[in-house]
Amino acid sequence: MCNRYKKPSKPEEEITVETIRKLPPMYFTNITGGEPFIREDLADIVRELYKKSDRIVISTNGFFTDRIIALCNEFPNVGIRISIEGLEETNNAIRGLDDGFNKGYETLKKLVETNHPDVGFGMTVQDANAHDLVSLYKLSDEMNMEFATASLHNSFYFVEAKNIIKDRPMVAQSFENLINELLKSNSPKKWFRAYFNHGLINYIYGQKRLLPCDMAFDTFFIDPYGDVMPCNGTKEKEVMGNLVTDDWDTLWNSEQAEKVRAKVRNCDRQCWMIGSVSPAMKKYIWVPAAWVVKHKFLRYFKDKKYSMYENKICRDLRDGKVTKEELDALSTCDLNAVASDGLKQI
């Protein structure tokens, strides 16, 4: 799934608060890892980022409960997303931690008990856990938590090139079930999340993105070394510049940055991750809005508002017009590849 933990950065090489101060104003920031709460100066980083960013969400495994609670007490608006890959047995098998589910779940419960306003699960859906998808969503709904989804991707950031969905109809059926649960709700936010999950079905079948990718134009990713990239979904690192050595305006407007943007415009990876899709949904709001109107309101009296077979590619696989092997070839999985780890060469 994600092997980032096998190739960690070295603390002495990582960026400091001084580099964070060079960042431009941002409407949203996601702090991810690895595991962000390993950084003992995380509170200093968040404090500095709040001078730059309207909203901050931290993705974590939930193990550092005391640190998480302390940070949330200091920053009551910070979002926390704890990665949980299914119910207890499934999560622990995928993550290889005997008590992983309980540890993450206990952290979530403590955050709820303190009335922290922005708490949720994050689940990477795959063959091994798709059967738990709706159950985990219902658990989050009962606790009044956010529920974020993703599927398997390959990139230098994940230190993985061989991720692939093997049973697409089964996984897509789980997404369909979740989409219908989301459309039943009275929350507009969940209706638009239904659209995002519709896009995940499209993605696992290897189809063109439903929305344009504007990474490196509207958004960016910065790694522990200060390297600024369009995103964390590329096969190799595509570096626009380094914020340790450059100021932001010089980096963002550089010739190298323009070369990377040209690559983005010709990227064929068709990623569908929230980091690139969320800003695209806002920028091209009429596309998901039309989908929501169709599925929530024009089908208001239907018990089942969505079917994965609305997607032609799903029907084509079902009807034998395309083979599993042909769809496998459309994925970014490369069984012969040696995954890049994205580490800076010193």
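Every chain is numbered on its own, with residues counted from 1 as its sequence reads. This being a predicted model, a pLDDT of at least 70 is required before a residue's local features are given, and a value of 80 or more before pairs of side-chain atoms are given or counted; all residues contribute to the totals for chains, interfaces and linings. Remark: hydrogens and water are excluded; side-chain values derive from all non-hydrogen atoms of the structure.

> Explanation requested: the overall build of the protein chain in the structure shown.
Along the backbone of the protein chain there are 14 helices and 8 strands. Only C-alpha atoms enter the radius of gyration, while the globule expectation follows 2.2 Å times N to the 0.38, with N the number of residues. Radius of gyration (C-alpha) of the protein chain: 20 Å, near the 20 Å computed for a compact globule of 346 residues. With the principal axes as the frame, the protein chain shows a C-alpha extent of 55 × 50 × 40 Å. For each residue, the accessible area found with a 1.4 Å probe, counting protein chains only, is set against the maximum for its type, and the residue is called buried under 20%, exposed over 50%, and partly exposed in between. Across the 346 residues that make up the protein chain, the buried fraction comes to 52%. Note on contacts: a residue pair is in contact if any heavy atoms of the two residues lie within 4.5 Å. Across the protein chain, contacts joining residues at least 24 apart in sequence account for 71% of those joining residues at least 6 apart. By element, 53% of the accessible surface of the protein chain is carried by carbon and sulfur atoms, the whole surface being about 17,000 Å². Residues scored as positive are Lys and Arg, those scored as negative are Asp and Glu, and His as well as the terminal groups of each chain are ignored. A charged residue contributes its charge at one atom only: NZ of Lys, CZ of Arg, CG of Asp or CD of Glu. Counting 48 positive and 50 negative side-chain charges, the protein chain places the averaged centre of each group 5 Å from the other. Here a strand is any run of E in DSSP of at least two residues, a helix any run of H or I of at least four, and the numbering for each starts at the N terminus. Surface accessibility follows the Shrake-Rupley procedure with a 1.4 Å probe radius. Residue values consider only the protein chains on display as shielding.

> Would you mind going over helix α10 (residues 255-265) with me for this structure?
For an α-helix the count is 3.6 residues per turn, leaving residues at separations of three or four pointing the same way. When α10 is considered as a whole, its buried residues turn out to be A257, V260, R261 and V264. Buried positions in α10, seen along its axis, are confined to an arc of 105° and lie on one side of it. Its buried side turned inward, α10 meets α9 (248-252). It is the directions from the helix axis to the C-beta atoms that the arc portrays.

> Where do I start with the sheet that holds strand β6 (residues 221-222) in this structure?
Sheets are built from strands paired through backbone hydrogen bonds, the pairs being either parallel or antiparallel. Overall, antiparallel pairing links the 3 strands, which are arranged β6-β7-β8 in an open sheet. Each of the sheet's edge strands pairs with one partner strand only, and the pair in question is β6 and β8 (241-242). For two strands to be treated as a pair, DSSP must find at least two bridges joining them. Here strand β7 (residues 227-229) runs beside β8; their pairing, made up of 2 bridges, is antiparallel. By the bridge assignment, V228 is partnered in β8 with G241.

> Sorry if this is basic, but what is going on with unusual backbone geometry here?
The phi angle of most residues is negative, glycine excepted, and most peptide bonds adopt the trans form. Across the junction of G33 and G34, the peptide omega takes the value 5°, indicating a cis bond. One non-glycine residue, A216, lies in positive phi territory at about 80°. Along the chain, the position of A216 falls in the loop between α8 (188-204) and β6. Of note, Q270 is a non-glycine position whose phi angle comes to about 55°, a positive value. Position of Q270 among the secondary structure elements: in the loop between α10 and α11 (274-283).

> Quick question: what am I supposed to make of the nonpolar core here?
Generally speaking, nonpolar side chains in soluble globular proteins are found buried as a group. Here, the term nonpolar core denotes a set of buried Ala, Val, Leu, Ile, Met, Phe, Trp, Tyr and Cys residues that are joined through side-chain atoms within 4.5 Å. Grouped together as the largest cluster of nonpolar side chains are 82 residues, with contacts concentrated most on I58, I201 and Y205. With 8 residues, the top contributor of residues to this core is α8. Apart from residues no more than four positions distant in its own chain, I201 is found in contact with A172, F175, E176, I179, Y306, M308, N311 and C314. Counting residues in each nonpolar core, the second largest holds 7 residues, with F221, M229, C271 and M273 among its members.

> Teacher, can you tell me more about the side chain of E176 here?
Tracing the backbone through its elements, the reader meets E176 in helix α7 (residues 168-184). The buried category is assigned to E176, whose relative accessible area is 2%. Between N or O atoms, a polar contact is any pair within 3.5 Å; within protein, one atom must be a potential hydrogen donor and the other a potential acceptor, and residues adjacent in sequence are included only when both atoms are from side chains. In this structure the side chain of E176 is engaged in a polar contact, spanning 2.9 Å, whose partner is the side chain of K304. Not counting the four nearest positions on each side in its chain, E176 is found in contact with I201, K304, Y306, S307 and M308.

> I would appreciate a short explanation of a nonpolar patch on the surface in the present structure.
On the surface, V293, F297, L298, Y300 and F301 cluster together to form a nonpolar patch covering roughly 630 Å² of accessible area. In this fold, V293 is placed in helix α12 (residues 286-297). A patch is a set of surface residues, each over 30% in relative accessible area and not in a salt bridge, joined within 9 Å for like charges and within 5 Å for the nonpolar side chains Val, Leu, Ile, Met, Phe, Trp and Tyr. Take a side-chain nitrogen of Lys or Arg and a carboxyl oxygen of Asp or Glu: if they are within 4 Å of each other, that pair is a salt bridge.

> Where do I start with the packing of aromatic side chains in this structure?
Working definition: an aromatic ring pair is given by the centre-to-centre distance plus the angle between the planes. Only centres within 6.5 Å qualify two rings of Phe, Tyr or Trp (six-membered ring in Trp) as a pair; their planes then separate them into stacked at under 30 degrees, edge-to-face at over 60, and tilted for everything else. A full pass over the atoms with the stated rule returns 15 aromatic pairs. A ring pair is formed by F101 and Y105, whose centres lie 5.7 Å apart and whose planes are at 15°; its orientation type is stacked. With F101 and Y105 both in helix α5 (residues 100-113) and 4 residues apart, this pair spans about one turn of that helix. Judged by relative accessible area, which is 8%, F101 ranks as buried. By relative accessible area, Y105 is classed as buried at 19%. Here a set of aromatic residues connected by ring pairs shows up, and it is made of Y195, F196, W272, W291 and Y306. Placement of a positive charge over a ring is assigned whenever Lys NZ or Arg CZ falls within 6 Å of the ring centre and within 35 degrees of the normal to the ring plane. Cation over ring: R261 sits above W252, and NZ or CZ is 4.5 Å from the ring centre. One residue, R318, lies across the ring of Y309, its end atom 4.6 Å from the ring centre.

> Explanation requested: the pairing of strand β4 (residues 119-125) in the structure shown.
It is a general feature of regular strands that their side chains alternate between the two faces of the sheet. Summarising burial for β4: 7 of the 7 residues are buried, a large majority. Residue alternation in β4 divides its side chains into two sets, V119, F121, M123 and V125 and G120, G122 and T124, and both sets are buried. Where strand β3 (residues 79-83) and β4 come together, 4 bridges link them in parallel fashion. Opposite I82, over in β4, you have F121 as the bridge partner. Strand direction decides the pairing type here: β4 and strand β5 (residues 146-151), joined by 6 bridges, are parallel. Looking across to β5, one finds that G122 is bridged to A148.

Fair warning: the whole summary comes from geometry, so function is off the table for now.
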